[in-house]
Number of protein chains: 4
Amino acid sequence: MKIMLELDKKARILAAAMEIFGERPYHAVKMEEIAERASVGKGTVYGYFSGKDELFREMIHESFEVYFREALAAVSEQGTAKDQLRRLFHYHLYFIEKHASAARILAGERRLPNPEIEVAKERYANMKGFLSQLLSKGISNGEFREIDVQIVSEIFLGTFTSLWAAVIFNELPLAESESVVDKILDLYLNGLSKS
Amino acid sequence: MKIMLELDKKARILAAAMEIFGERPYHAVKMEEIAERASVGKGTVYGYFSGKDELFREMIHESFEVYFREALAAVSEQGTAKDQLRRLFHYHLYFIEKHASAARILAGERRLPNPEIEVAKERYANMKGFLSQLLSKGISNGEFREIDVQIVSEIFLGTFTSLWAAVIFNELPLAESESVVDKILDLYLNGLSKS
Amino acid sequence: MKIMLELDKKARILAAAMEIFGERPYHAVKMEEIAERASVGKGTVYGYFSGKDELFREMIHESFEVYFREALAAVSEQGTAKDQLRRLFHYHLYFIEKHASAARILAGERRLPNPEIEVAKERYANMKGFLSQLLSKGISNGEFREIDVQIVSEIFLGTFTSLWAAVIFNELPLAESESVVDKILDLYLNGLSKS
Amino acid sequence: MKIMLELDKKARILAAAMEIFGERPYHAVKMEEIAERASVGKGTVYGYFSGKDELFREMIHESFEVYFREALAAVSEQGTAKDQLRRLFHYHLYFIEKHASAARILAGERRLPNPEIEVAKERYANMKGFLSQLLSKGISNGEFREIDVQIVSEIFLGTFTSLWAAVIFNELPLAESESVVDKILDLYLNGLSKS
DNA sequence: GATGAATGAGTCTTCATTCAT
DNA sequence: CATGAATGAAGACTCATTCAT
C-alpha cells in the first residue's frame, strides 16, 4: 500500500484493480472497492477509465504487456534453443511469484469481454510466433527433430497456462518449481517412450 | 429445442444453463433468460435450484460428470497404455464436438465460486489419478520410461484444457483434430530432442 | 391515494408521476418517489416504463390526450361558432380544476425531450386545426369578419396557455374564471378600438 | 466567440450559460460545459456565482432586465396608445431575433427555481403595469373602449409569450413577423365579430 | 485570482429472488 | 406444482462543488 501511494493515480488504480480482480471474479468486484484500495475517490476512477469494462480491459492488457515483454527479455537471443526454452519455462514460474495477481487473472479469465479477446489473441499469437521461431531454430541447428512447430508451440503455451493453474489453484508449491520445470523439460525433450 | 422439451424440467434447465453460460460469463447471464430458453417459468428454476450459484455449480458438476464418465469408458481397460492414451486424447476432442457448451464452460470458467472449486478439484484429482495409473502401468510394462508420473499427468491435463481452448477460442479447426492428436502423441511419446 | 389504489399499476404510476412532475421540475424528481407515491416497488416502475424519460414522455402524452379528447367533446358540433368558442374557453379553465397537475405540466414544460416535442407539435397542430375550422365556420356563416384564421388560432392557443400560467403561477383565482372568460371573449369578439 | 473574449469573465459566463440553457433544459446542462463555452476554468464559475442555481437565476434575471429595459425604451412616451402598442409588439419580435437564447429561456422555463420565480413575477407585474397604463391612457383619450384593463394586459402578455413559443418552437418564420404583428393588432383592435 | 483534478453524495437502473394466484 | 408480476438490495455512474497549486 505504501508503495502504491508512490505511483501516479492511474497506475494505482490499475494495481488495485489487478489485486482485486485477482481475488474475485468480475461480477463480484465493486468499483468502489477498487477506488478504496487505490486510495482515490470513486469518481476518480471514472476520470481515468470510462467504466468497469474498460478498466478491466486495460488491466488485462497491462498484464499481458508485462508478461510478454519480460518473457522475451528473459529468453534473449543467446544460447542453444534448449537453453532458451529452459529460461522461458523458468521465467514463467518466476512471473507467478512476481506478479501473482496478474498470473491469476491471465490464467483464470479465459472468457474475456469481446474487444479485449482480440488483443489477447494477438498477444497469444506473438508468443506463439516466438516459440515457433525458437523451435525452428532448434530444428535447423540439429537440436530438435522435425516436429510440427505450430502444434508444439501450442502445447507449450498450454503447458504454461496449466502450470499457472496448477500453482494458483491446486497449490502446487512454488518451491518445487525448479525441479518441476526440469522434469517437464525432460518430458518434452526426451519423450515418454522407452527408447 | 424440440428435443429439450422431451426432457424433464430439471434437465431442460440445466441444458439451457449450459448453453447460455457457454455463451457469456456468469455475470452476463440472467436467470430469466435461462428460464426462457428452458421454456419454464422463472419461478420454476427456483423449484429445482436454490439460486443462480447453485444452478451454476450443478451445471459444472454435470459437465464434469459426463466428461469423466465417458472418458473412462472410452479408455476402458484394454490395450497397451499407449493405445489407452491415444483413445483418451481422441475422446477429448470428440467431447468438444458432442458437448460444445460444456467444453466451453470447463475450459473457460477457471474462477469458480468457492464451494464448487472443491468439487472441481476433486474431479480433477480423479482424472489425474486415472492418468497416473495409466502412466504407471505403461512404465511397469516397459512401454514408458521412468518419468515423474505426477508431473506428466498434470501436463496431460493441461494439454487437454489447452486443446479445448485452442479449438474453442482460437478456432483450431476440429476437422484437423485427428492428425493433431497424432502429432501431440508423437511429441509426448518421442520427445523433442534429436536422439 | 385511496382512489389511486383502485387503478391498475401502470395508471397508478402515471398518476403519481403527474402529481410529482407537477410539483417539481424533471431533474428534481426521483424515480423512487414516484414509485412510493404509486405504492409500488421501484423496480415495478421499470416494468412499465423503460426509464425516467419514457415515463415522463408517456405522462405528457397522456395529459395531451385527455385534454384534447375532452376539449373536442366539450365543444361538440352544435350551436353557433361563438357558442362553441365560449364552451372551449370554459372547458379550458375547467381542465385546470379537474386536472391541476396535468395543466401545470402542459403549461410549464415547454422544453420537452426531443422525440416527445414532435408529439406535442402534432397535438398542437390538431388543436389549431380544430380552432381554424371553427373560425372558418364562423366566417362563412357571417358570425366573424374575415380575419387570418391561422394567426387567430395561434393567438387563441397562446391565450389558453397563458390563462393556465396566470391561474397556476400568478394565482389568478379560479373562482373569477367565469367572468374572466367572458371578458376575454368580449375582447376577442369586439376588439379594443372604440368603434 | 471572439466577441465573448472581450467581455469580462462574469459576462462571458452569463453569455455562455444563456446559450447553453437556451439549447437544453436545466438538468441537461453541465457546469463544465458552461465553463468551457466561456473559456474559463470550472472553478472560476464558482468565483462569480455560488452555484448552478444562482447562475441560472442571474441569467434569467439578466434576460428579463434586458427585455424590459429595451421594451420600455422602444415604446417611449410618444404617440397614440395604438402606436405604442404597435411598437411594443414589434419590439417583441425584434427581441427574438436579437436575443434568441434569452427568448428561448424566457419562453420555455416557466418552472423556475423558487426564489427566482418571485423576481420573475415582479418583472411580469412591472410589464403588466406598463401595459395597463398604456391601455388606461388609450381609454381616457378615447382610442379604446372600456375594457377590463387587467385582463387585457394579461392577454397581451400571454400573446407575447405565445408569439415566442410559436416562433421558437413551431418555427413560424420571423420574416413574416411584420404582417403577423399587423394582423394580431387588427384582431385586438377590431375584434372578431362582424360588426 | 484562476484552474481543473479529485471527490462522493445522490440517482438511475438491474436482476436475483419471492410469493400470491 | 408452475408461474411471472412485483420487489428492493445492490451497484454503476454522474456531476456539482471543493481546494491545492
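Values in this document were obtained by computation on a predicted structure and should not be read as measured data.

A tally of regular secondary structure across chain A gives nine helices and zero strands. Secondary structure elements of chain A occur, N-terminal to C-terminal, as α-α-α-α-α-α-α-α-α. Expressed as a percentage of its 195 residues, the buried residues of chain A come to 51%. Relative to all contacts within chain A whose residues are 6 or more apart in sequence, the contacts with residues 24 or more apart total 68%.

To continue, consider the packing of helix 5 (residues 52-75) of chain D against helix 6 (residues 81-98) of chain D. Residue and element names in this part refer to chain D. Put simply, helix 5 and helix 6 touch, their axes get as near as 9 Å, and they point 145° apart. Relative to helix 6, helix 5 is oriented so that their crossing is right-handed. Residue-level contacts link Ser63, Val66, Tyr67, Glu70, Ala71, Ala74 and Val75 of helix 5 to Gln84, Arg87, Leu88, Tyr91, His92, Tyr94 and Phe95 of helix 6. For the contact of helix 5 with helix 6, the class distribution of residues is nine nonpolar, three polar and two charged.

This paragraph deals with the interface of chain A and chain B. With 50 residues of chain A at the contact, the number on the chain B side is 51 residues. With both chains or domains summed, chain A and chain B bury close to 4500 Å², and 56% of this area falls on carbon and sulfur atoms. The interface formed by chain A and chain B holds four salt bridges in total. Between Asp186 of chain A and Arg145 of chain B there is a salt bridge; the shortest N-O distance is 3.0 Å. At the junction of chain A and chain B, the tally comes to five residue pairs in polar contact (both at pLDDT 80 or more). Put simply, the parts of the chain that give the side of chain A that touches chain B at least two residues each are helix 1 (9-23), helix 5 (81-98), helix 6 (100-108), helix 7 (114-140), helix 8 (149-169) and helix 9 (177-190) of chain A. Tallying contributions element by element places helix 8 of chain A first for the side of chain A that touches chain B, with twelve residues. Residue composition of the side of chain A that touches chain B, grouped by class: 23 nonpolar, twelve polar and 15 charged.

To continue, consider the interface of chain D and chain C. Listed as interface residues are 51 residues of chain D and, on the opposing side, 51 residues of chain C. Here chain D meets chain C over a buried area of about 4500 Å², counting both sides, of which 56% is carbon and sulfur. For the pair chain D and chain C, the number of links is four salt bridges. On inspection of chain D and its partner chain C, the count reaches five residue pairs in polar contact (both at pLDDT 80 or more). Only helix 2 (9-23), helix 6, helix 7 (100-108), helix 8 (114-140), helix 9 (149-169) and helix 10 (177-190) of chain D provide two or more residues apiece to the side of chain D that touches chain C. Among the elements that make up the side of chain D that touches chain C, the one with the highest residue count is helix 9 of chain D (twelve residues). Across the side of chain D that touches chain C, the residue classes tally to 24 nonpolar, twelve polar and 15 charged.

To continue, consider the packing of aromatic side chains. The description of two aromatic rings rests on the distance between their centres and on the angle between their planes. By the definition in use, this model includes 54 aromatic pairs over all chains. With a centroid separation of 5.0 Å and an interplanar angle of 80°, the aromatic rings of Tyr67 of chain A and Phe95 of chain A are classed as edge-to-face. Taken as a pair, Tyr67 of chain A in helix 4 (residues 52-75) and Phe95 of chain A in helix 5 lie far apart in primary sequence, 28 residues in all. In terms of burial, Tyr67 of chain A and Phe95 of chain A fall into one category: buried. A connected cluster of aromatic rings, assembled from ring pairs, spans Phe89, Phe156, Phe160 and Tyr188 of chain A together with Phe89, Phe156, Phe160 and Tyr188 of chain B. Looking at Lys52 of chain B, its charged tip hangs above the ring of Tyr26 of chain B, at a distance of 4.4 Å from the centre.

Further remarks concern the protein's contact with DNA strand E. Near DNA strand E, the surroundings consist of 28 residues, among which Gly41, Thr44 and Tyr48 of chain A together with Gly41 and Thr44 of chain D are the closest. What you see for DNA strand E is that sugar and phosphate hold 63% of its atoms within 4 Å of the protein. For DNA strand E, a phosphate oxygen lies 2.3 Å from a polar atom in the side chain of Thr44 of chain A. With respect to DNA strand E, the backbone of Gly43 of chain D contributes an N or O atom lying 3.0 Å from a base nitrogen. Secondary structure elements with two or more residues in the surface near DNA strand E: helix 3 (42-48) of chain A, helix 4 (42-48) of chain B, helix 4 (42-48) of chain C together with helix 4 (42-48) of chain D.

If you look at the biggest cluster of nonpolar residues, it comprises 131 residues, and the most contacted ones within it are Ile34 and Tyr67 of chain C together with Ile34 of chain D. The contacts of Ile34 of chain D, once residues within four sequence positions are left out, are Ile13, Ala16, Ala17, Ile20, Phe21, Val29 and Leu55 of chain D.

Once that is clear, we can look at the relation of the copies chain D and chain C. For the pair chain D and chain C, the superposition axis carries a translation of 0.1 Å, the fit reaches an RMSD of 0.2 Å, and the rotation angle comes to 180°. Such a combination of turn and shift is consistent with a two-fold rotation axis. Considering only C-alpha atoms, the part of chain D nearest the rotation axis is Gly191 of chain D, at 1.6 Å. A high fraction, 100%, of the interface residues of chain D reappear at the interface in chain C, so the copies pair face to face through one surface.

Moving on: the relation of the copies chain A and chain B. Placing chain A over chain B gives an RMSD of 0.2 Å and needs a rotation angle of 180°, together with 0.1 Å of translation along the axis. A shared interface surface links the copies, since 100% of the contact residues of chain A are contact residues in chain B too.

It is worth spelling out the protein's contact with DNA strand F at this point. Inspection of the region around DNA strand F gives 28 residues, with Lys42 of chain A, Thr44 of chain B together with Gly41, Thr44 and Tyr48 of chain C positioned closest. For DNA strand F, the backbone portion of the atoms within 4 Å of the protein, that is sugar and phosphate, comes to 65%. In this structure, a base nitrogen belonging to DNA strand F sits 3.0 Å away from a main-chain N or O atom of Gly43 of chain B. Between DNA strand F and Met31 of chain D, the relevant distance is 2.9 Å, taken from a phosphate oxygen to a main-chain nitrogen or oxygen of the residue. At the level of elements, helix 3 of chain A, helix 4 of chain B, helix 4 of chain C together with helix 4 of chain D are the ones that each hand at least two residues to the surface near DNA strand F. Looking at the surface near DNA strand F residue by residue, the classes come out as ten nonpolar, eight polar and ten charged.

Here we take up the pattern of salt bridges. Opposite charge on two side chains makes pairing possible when the charged atoms of those side chains draw close. Applying the stated criterion to the full structure yields 40 salt bridges over all chains. Ionic pairing is found between Lys128 of chain C and Glu154 of chain C, a salt bridge with its closest N-O pair at 2.8 Å. In this pair, Lys128 of chain C is assigned in helix 8 (residues 114-140) and Glu154 of chain C in helix 9 (residues 149-169), connecting sequence segments 26 residues apart. Just as Lys128 of chain C is buried, Glu154 of chain C falls in that class too. Among the ionic pairs, Glu58 of chain D bridges to Lys10 of chain D, the shortest N-O distance being 3.6 Å. Note that Glu58 of chain D is positioned in helix 5 and Lys10 of chain D in helix 2, a separation of 48 residues in sequence. Because the salt bridges share partners, they merge into one network encompassing Glu19, Glu23, Arg24, Glu33 and Arg37 of chain A.

Glancing now at the packing of helix 5 of chain A against helix 9 of chain A. All names here are of chain A. Closest axis-to-axis distance for the helix 5/helix 9 pair is 10 Å, and the angle between their directions is 140°. As the angle between them shows, helix 5 and helix 9 are arranged oblique. Read as a crossing pair, helix 5 and helix 9 show a hand that is right-handed. Together, Lys82, Leu85, Arg86, Phe89, His90 and Leu93 of helix 5 and Ser177, Glu178, Val181, Asp182, Ile184, Leu185, Tyr188 and Leu189 of helix 9 make up the contact between the two elements. Looking at the contact of helix 5 with helix 9, its residues break down into eight nonpolar, two polar and four charged.

A few words now on the environment of Ala103 of chain A. All names here are of chain A. Within the secondary structure, Ala103 is located in helix 6. For Ala103, a relative accessible area of 0% corresponds to the buried category. Linking Ala103 and Phe64, residues 39 residues apart in sequence, is a C-alpha distance of 9.3 Å. In contact with Ala103, other than residues within four places in its own chain, are Phe95, Ile96, Trp164 and Ile168.

Relative to the elements of secondary structure, Gln84 of chain A occurs in helix 5. Each residue touching Gln84 of chain A, except ones within four places of it in the same chain, is listed here: Val75, Ser76, Glu77, Gln78, Gly79, Leu134 and Lys137 of chain A.

The rules behind these values
- Residue positions are given per chain, counting from 1 as you read along its sequence in written order.
- Here chains are named by letter from A upward and ligands by number from 1 upward, in the order in which they appear as written.
- Whole-chain, interface and lining totals are the exception, using all residues; otherwise, since this is a predicted model, local features are given only for residues with pLDDT of at least 70 and side-chain atom pairs are given and counted only at 80 or more.
- The basis for every side-chain value is the complete set of non-hydrogen atoms in the structure, without hydrogens or water.
- Counting from the N terminus, the helices are DSSP H or I runs at least four residues long and the strands are E runs at least two residues long.
- Remark: exposure states derive from per-residue accessible area (1.4 Å probe, protein chains only) relative to the maximum for the residue type, with buried under 20%, exposed over 50%, and partly exposed in between.
- A contact between two residues is defined here by any heavy atoms of the two lying within 4.5 Å.
- Each axis is a line fitted through C-alpha atoms, and for a helix only the stretch in contact is used; angles between axes span 0 to 180 degrees, taken between their N-to-C directions.
- Two helices crossing with the near one rotated counterclockwise from the far one by less than a right angle form a left-handed crossing, whereas a clockwise rotation gives a right-handed crossing.
- Each residue gets one of three labels, nonpolar for Ala, Val, Leu, Ile, Met, Phe, Trp, Tyr, Cys and Pro, charged for Asp, Glu, Lys and Arg, and polar for the others, Gly among them.
- Buried area counts how much accessible surface, traced with a 1.4 Å probe, disappears from two parts once they are put together, with both parts' losses summed.
- Here, a salt bridge means any side-chain nitrogen of Lys or Arg that lies within 4 Å of a carboxyl oxygen of Asp or Glu.
- Polar contact criterion, stated in full: a pair of N or O atoms within 3.5 Å, where within protein one must be able to donate a hydrogen and the other to accept it, and residues adjacent in sequence count only if both atoms are side-chain atoms.
- Working definition: rings of Phe, Tyr and Trp (its six-membered ring) pair if their centres are within 6.5 Å, and the pair is stacked with planes under 30 degrees apart, edge-to-face with planes over 60 apart, and tilted otherwise.
- Think of it as a cone above the ring: NZ of Lys or CZ of Arg counts as a charge over the ring if it is within 6 Å of the ring centre and within 35 degrees of the ring normal.
- We call a residue near a molecule or strand whenever a single non-hydrogen atom of that residue lies within 4 Å of it.
- To qualify as a nonpolar core, a set must consist of buried Ala, Val, Leu, Ile, Met, Phe, Trp, Tyr and Cys residues joined through side-chain atoms within 4.5 Å.
- To superpose the copies, least squares is applied to the C-alpha atoms of every residue with a pLDDT of at least 70 in both.
- If an angle is under 35 degrees, it is roughly parallel; if it is over 145, roughly antiparallel; if it lies from 65 to 115, roughly perpendicular; otherwise it is oblique.

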